[in-house]
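# Inside the fold
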Amino acid sequence: MPSERDLQIAPIVPESVVHNTKALSNLQTLTASIFGAAAGILGLESYSGFLFYFIFTILTTVLFYTIRVAPTSLKAGHGLFDTSRYFRTQYEFWAGGLFTGLAGYILTWTLFYGLVRA
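Note that this is a predicted model, so its numbers are computed, not measured. (Residues numbered from 1 in each chain as written. Predicted model: local features only at pLDDT ≥ 70, side-chain atom pairs only at ≥ 80, totals over all residues. Heavy atoms only, no water.)

Inspection of every chain in the model, using the stated rule, returns one salt bridge. For the salt bridge of Arg-88 with Glu-92, the shortest nitrogen-to-oxygen distance reads 3.9 Å. (Salt bridge = Lys/Arg side-chain N within 4 Å of Asp/Glu carboxyl O.)

Here it is as structure tokens:
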């Protein structure tokens, strides 16, 4: 456990950053499965299915940033798209979810496509 002096020098607590990363990863995995079910039900194929995934994953990340990260980060004086207060890197926040949930998306996409089209 870091001492109070350590927290004053470096106010970012590593345990909180790990928790935030896990919470974001869980959200992205869950929404990837939901988007896969939606794409399968809609009958999307090939590039349109992958485009659907990328658009809605980016939209989910932007909504998460707008609702949870931006209000307190901007009040603390950080830049507009700076997530360093809550996450290790900006790449981890903005692009990490694109590939984390891709396998779950494809799995549910093909499952629901097969169920609806069979």
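Another aspect to go through is the packing of helix 2 (residues 14-42) against helix 6 (residues 102-117). Orientation of helix 2 relative to helix 6, taken along the N-to-C sense of each, is 30°, at an axis distance of 7 Å. In this view, helix 2 runs roughly parallel relative to helix 6, as classed from their interaxial angle. The handedness of the crossing between helix 2 and helix 6 is right-handed. On the side of helix 2, the interface is formed by Ala-32, Ser-33, Phe-35, Gly-36, Ala-37, Ala-39, Gly-40, Ile-41 and Leu-42, while helix 6 contributes Gly-104, Tyr-105, Thr-108, Trp-109, Phe-112, Tyr-113, Val-116 and Arg-117. Split by residue class, the contact of helix 2 with helix 6 holds 11 nonpolar, five polar and one charged. (Axes fitted to C-alpha atoms, helices over the stretch in contact; angles between N-to-C directions. Helix = DSSP H or I, 4+ residues; strand = E, 2+ residues; numbered from the N terminus. Parallel < 35°, antiparallel > 145°, perpendicular 65-115°, else oblique. Left-handed = near helix turned anticlockwise from the far one by under 90°. Contact = heavy atoms within 4.5 Å. Nonpolar A, V, L, I, M, F, W, Y, C, P; charged D, E, K, R; others polar.)

This paragraph deals with the side chain of Thr-83. Position of Thr-83 relative to the elements: it lies in the loop between helix 3 (46-75) and helix 4 (90-94). In this view, Thr-83 contacts Tyr-65, Val-69, Thr-89, Gln-90, Phe-93 and Trp-94; residues no more than four positions away in its chain are not counted.

Leu-24, Phe-64, Tyr-65, Val-69, Ala-70, Tyr-86, Phe-87 and Phe-93 together form the largest nonpolar core, which totals eight residues. Ignoring sequence-local partners within four residues, the contact set of Leu-24 consists of Phe-64, Phe-87, Glu-92 and Phe-93. (Core = buried A, V, L, I, M, F, W, Y, C linked by side-chain atoms within 4.5 Å. Buried < 20%, exposed > 50% of the residue type's maximum accessible area, 1.4 Å probe, protein only.)

This part covers unusual backbone geometry. Non-glycine residue Ser-46 carries a positive phi angle of around 55°. In this structure, Ser-46 sits in helix 3.

Keep in mind these numbers describe shape, not what the thing actually does.
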